[in-house]
Amino acid sequence: MSFDLLIVGVGGQGTILASRIIGEACIIEKRHVISAETHGMAQRGGSVENHVRIDGTMGPLIPIGGADMILSLEPLETVRYIHYLKNDGLVISNNVRIVPQKSRVLYPPVEKIIRSKVSKPEQAVICNANAIARKAGNELSSNIVLIGIASRYLPLKEESLIECIKRVVPSKATDVNLKAFDLGRRWKIS
Amino acid sequence: MKKEEIIIKKFLMGNEAIAQGCLEAGIDFATGYPGTPSSEIITSLSISNERNVYVEWSVNEKVALENAIGAAWCGLRSICVMKHVGLNVAADPFMSLAYTGVKGGFVIIVTDDPFPHSSQNEQDSRRYAHAAKIPCLDPATPQEAKDMVKYAFELSEKYEIPVMLRPTTRICHARSDIEVEKFQIEDLKPTNQRFVKIPKEKRVGRFFKDRDRWVLVPSNAKILHRELQIKQKKIIEDLNGTPFNKRVKNIKETKIAVVSGGVASCYVKELIPNDIPFFKIGTYPVDIDRLGEFTKNYEKILVIEELDPILEEIVKMSTCSTVLGKYTGDVPFYGELNQNIVYDILIKNGITPVVKYDLKKPVEGLPARPPILCAGCPHRSILYLIEKIFKNGIYTSDIGCYTLSPFSVDTCLCMGASITIGSGISHCDKRDVVATIGDSTFMHTGIPGLINAVYNNANILIVILDNRTTAMTGHQPTAGTGQNIQGESKELSLEKICQACGADFVETVDPFDINLSKKILERAKKEKGVRVIIARHPCYMIERKQNVEKAYYEIDVKRCTKCGDCLDYGCPAIELYDIKPIINDLCTGCGVCSDLCRNGAIRRIK
Ligand code: SF4
Ligand code: SF4
């Protein structure tokens, strides 16, 4: 069985980079992996979803009600995809909002909805990943902060993830991103 | 004897895996026109330095295909890459190519897009392959796509026939652990190692004249068609020997069996119990006799595939058993499949899936988040002005980022259709017609439309949105930029092309120069006939790489009257905070909002 991780966010937030780090970590550990990425149109600020199936050998899509974990860079997107979560799955979500343009529908009370959709409170980890990333040196590393938090639950070794961050991010951003990972990994879940 | 196999893997996107397969097959020549989900194949080949390959972005798919045919007729291993709708443009050479056949291995890679993620329709390229009598390989995983492309070159050379590889979005844009090298250490002695590697030696192309073959006049076509038909049988035999068609089990006691292909076969495999007979089909034409030996054993055959019911029709031809699928309403005719849909299909037909998913429903009533033009996109300002100045106009548009615009887009059908549909409308409707078309799309199929508009006295304003790139598909260079995929090239002038096509009114403007843009649009409005405005400013994604100094803007709360004009402009860098607009850090400093604000509240700060 694969460990199914759904990474969601808004186009341009770094969801593809996040799924690439997880995938590369699988290669280092000599495991199978298959993922599905959103490219093309939706990347222009639209809602994006990346499916990563660790140990997966079949189709790249995660079924609704089948995700072991949802990693989200934007809370409205967490809500949009929360039905993908298994009953005992884990949500790790940024709480920094990006309000969709010109929408007639009001931005919903996202944190409340997320919490109402999981059966146990510890299944929803919600944080200000941008603030943590700022401490590491760059707000844009919020995706790596979330990977740091997720690393405590993912079936992958910490060393493999760190090695992949070094490989995947541009060299001048390595230090900031390693720090972001570390701050995420050590972030105290309240 | 001790045998040890070593496999080296990389985390590759399906498209990269296909490019890798081409390199391992010793490809020499590659052409294509960008289009999601196919673009990364050509890009990967162009950045690989593992083999000396000629790579080009051609101006359209027909041109791309014919260039690659030239190479294949010279004996080179060649590919041509396009998205499904691109094959419509290339259909002319495609439909006759199997008659002449090829010399060097030739693979046409056409990517289909079920649930059109980034396309205007859900056509099925397997239909085209069938119509053109070209064998078609339909991969179920990225690894299989790579294995198939290598085999495709062999098949192509063996029967001197072009071969189609037809991956779908979920193969092209899936990423997986892909074998890039495989070798055996026999007796652990290095001398006995067998490597799979990218061959370095280059083929030399040479065209051999053969009028009976390369000149498709009726007398030759008659003979070549007969020969092509004779080849088909042998090709089917060859395809039978591949690992791409798998009969998982042939249990006779059950009443129902499943047939599937492409990525759908993965969903089926993940869900069906071991005791249900299952046939996965990966190659076309299908051996109907062999399929019949399988299907005849069961009362019902459930066919699960994406796009057109092609396998379903073939299964029907193979058997008198009941065939369940799209025609019976068991499988949806449109959209893409996934495990949840396949799960329900299986349950409905009395098969209990081996995996269960928790029942969940999406949260309803959420604000949508459709894709939009970037902050600082040069298309936004000119499209905004067109709608202001040509208030009651008809706006025919085309394929590119600008289709995402809330302004000045009334139509979008296919590449190049803005000018032609607009011309047609101008002969019927008295209102102003403004056609908008990107620079790459204009080069692709816009030019004949312009010539025709001038020739037949259309009354139309054509605005070429020249953002110096093919933005939507990942910023490939165009013929107007002085760059091709290999580096520097001749820069073609859009102005001169338009003049040469007969347009007398040809003006160029920077769309960020609001006052001048308005003036030129107003002037164009007063005139009749075919008028062309070239709105030229690089796409922000290109400009930001050129290290131009960035400006910063701010909204002065004291001057802002909350009129909302800047919000109407729709730049994602302007958002409503409480009740006042503010500029967020997406701002690129284009300055357009500052010109639009009538209260002078938006000011440059740095
Ligand atoms: S990628 Fe370029 S052309 Fe496309 S929306 Fe963004 S700025 Fe505009
Ligand atoms: S200057 Fe104004 S219009 Fe241009 S990117 Fe910034 S906020 Fe948007």
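Residues numbered from 1 in each chain as written. Chains lettered and ligands numbered in written order. Predicted model: local features only at pLDDT ≥ 70, side-chain atom pairs only at ≥ 80, totals over all residues. Heavy atoms only, no water.

1. Digging into the overall build of chain B
Here is step 1: When helices and strands are counted, chain B shows 22 helices and 25 strands.
Here is step 2: Buried positions account for 58% of the 606 residues belonging to chain B.
Here is step 3: Within chain B, contacts between residues separated by at least 24 positions form 74% of all contacts whose residues are at least 6 apart in sequence.
Here is step 4: Surface exposure of chain B reaches about 26200 Å², of which carbon and sulfur atoms provide 52%.
Here is step 5: One way to put it: in chain B the 78 positive side-chain charges average out to a point 1 Å from where the 75 negative ones average out. (Helix = DSSP H or I, 4+ residues; strand = E, 2+ residues; numbered from the N terminus. Buried < 20%, exposed > 50% of the residue type's maximum accessible area, 1.4 Å probe, protein only. Contact = heavy atoms within 4.5 Å. Areas by Shrake-Rupley, 256 points an atom, 1.4 Å probe, with all protein chains shown as cover. Lys, Arg positive; Asp, Glu negative; His and termini not counted. Charge placed at Lys NZ, Arg CZ, Asp CG, Glu CD.)

2. Examining the pattern of salt bridges
Where charged atoms from two side chains of opposite charge approach closely, those side chains can pair.
Residue and element names in this part refer to chain B.
Here is step 1: A full pass over the atoms with the stated rule returns 44 salt bridges over all chains.
Here is step 2: Taking the shortest distance from any N to any O, the salt bridge between Asp556 and Arg603 comes out at 2.9 Å. Of this pair, Asp556 sits in the loop between strand S22 (553-555) and helix H21 (565-569) while Arg603 sits in strand S25 (residues 602-604); the two residues are 47 residues apart in sequence, bridging distant segments of the chain.
Here is step 3: Through salt bridges with shared partners, a single network forms among Asp112, Asp124, Arg126, Asp138, Arg166 and Glu305. (Salt bridge = Lys/Arg side-chain N within 4 Å of Asp/Glu carboxyl O.)

3. Notes on the pairing of strand S2 (residues 29-32) of chain B
Residues and elements named next belong to chain B.
Here is step 1: Burial of S2 is two-sided: the residues Phe29 and Thr31 facing one way and the residues Ala30 and Gly32 facing the other way are all buried.
Here is step 2: The sheet contact formed by S2 and strand S3 (residues 54-57) spans four bridges and is parallel. Directly across from Gly32, in S3, lies its bridge partner Trp57.
Here is step 3: Once the chain exits S2 it traverses helix H2 (residues 40-47) before rejoining the sheet at S3, and the crossover so formed is right-handed.
Here is step 4: Sheet topology note: the S2/strand S4 (residues 78-83) ladder contains four bridges and is parallel. By the bridge assignment for S4, Phe29 is matched with Ser78. (Pairing = 2+ DSSP bridges. Right-handed = clockwise from strand over helix to strand, strands pointing away.)

4. Things to note about the site of ligand 1
Here is step 1: Taken together, Arg44(A), Leu373(B), Cys374(B), Cys377(B), His379(B), Cys401(B), Asn467(B), Ala471(B), His475(B), Cys539(B), Tyr540(B) and Met541(B) make up the full set of residues adjacent to ligand 1.
Here is step 2: The local environment of ligand 1 is shared, drawing residues from chains A and B.
Here is step 3: Taken together, the residues that form the shell around ligand 1 break down as eight nonpolar, three polar and one charged. (Near = heavy atom within 4 Å. Nonpolar A, V, L, I, M, F, W, Y, C, P; charged D, E, K, R; others polar.)

5. Side note on the sheet that holds strand S6 (residues 136-137) of chain B
All names here are of chain B.
Here is step 1: Spatially, S3-S2-S4-S5-S7-S6-S12 is the arrangement adopted by the seven strands of the open sheet, whose pairing is mixed. Each of the sheet's edge strands pairs with one partner strand only, and the pair in question is S3 and strand S12 (283-284).
Here is step 2: Two strands pair when backbone bridges link them, and S6 and S12 are joined in this way by two bridges, in the antiparallel orientation. Its bridge partner being in S12, Leu137 is matched across the sheet by Thr283.
Here is step 3: Running at roughly 140° to S3, H2 makes contact with S2, S3, S4 and strand S5 (106-111) of the sheet.
Here is step 4: Where helix H6 (residues 125-132) meets the sheet, its contacts fall on S5, S6, strand S7 (163-165) and S12, and the angle it forms with S7 comes to roughly 175°. (Axes fitted to C-alpha atoms, helices over the stretch in contact; angles between N-to-C directions.)

6. Digging into the domain arrangement of chain B
All names here are of chain B.
Here is step 1: One can read the domain layout of chain B as domain 1 (8-240), domain 2 (246-348), domain 3 (378-545) and domain 4 (552-605).
Here is step 2: Between domain 1 and domain 3, the C-alpha centre-to-centre distance is 34 Å.
Here is step 3: Taken residue by residue, the interface counts 16 residues in domain 1 and 17 residues in domain 3.
Here is step 4: For the pair domain 1 and domain 3, the two sides together bury roughly 1200 Å², of which 59% comes from carbon and sulfur.
Here is step 5: Sorting the residues of domain 1 by area buried against domain 3 places Tyr33, Trp57 and Gln120 first, and these three jointly supply 40% of that buried surface.
Here is step 6: Here domain 1 and domain 3 share zero salt bridges between them.
Here is step 7: Taken together, the connections running from domain 1 to domain 3 amount to four residue pairs in polar contact (both at pLDDT 80 or more).
Here is step 8: Looking at which element gives the most residues to the side of domain 1 that touches domain 3, the answer is S3, with four residues.
Here is step 9: For the side of domain 1 that touches domain 3, the per-class residue count stands at eight nonpolar, six polar and two charged. (Domains from an automatic or database assignment. Buried area = accessible area lost by both parts, 1.4 Å probe. Polar contact = N/O pair within 3.5 Å; in protein donor to acceptor, adjacent residues only side chain to side chain.)

7. A look at the packing of helix H5 (residues 142-150) of chain A against helix H7 (residues 174-186) of chain A
All names here are of chain A.
Here is step 1: Between H5 and H7, the shortest axis-to-axis distance is 6 Å and the interhelical angle comes to 40°. For the element pair H5 / H7, the angle class is oblique. Considering how the two elements wind past one another, H5 and H7 form a crossing that is right-handed. For the pair formed by H5 and H7, the contact residues are Ile144, Val145, Ile147, Gly148 and Ile149 on the first element and Asn177, Ala180, Phe181, Gly184 and Arg185 on the second.
Here is step 2: When its residues are assigned to classes, the contact of H5 with H7 shows six nonpolar, three polar and one charged. (Parallel < 35°, antiparallel > 145°, perpendicular 65-115°, else oblique. Left-handed = near helix turned anticlockwise from the far one by under 90°.)

8. Details of the state of the cysteines
All names here are of chain B.
Here is step 1: Per the counting criterion, the structure on display carries zero disulfides over all chains.
Here is step 2: As a non-bridged cysteine, Cys428 has Cys414 as the owner of its nearest cysteine sulfur, 17 Å distant.
Here is step 3: With relative accessibility at 66%, the residue Cys428 sits in the exposed group.
Here is step 4: No disulfide involves Cys597; its nearest neighbouring cysteine sulfur is the one of Cys563, lying 6.0 Å away.
Here is step 5: Assessed through its relative accessible area of 15%, Cys597 is described here as buried. (Disulfide = S-S within 2.5 Å.)

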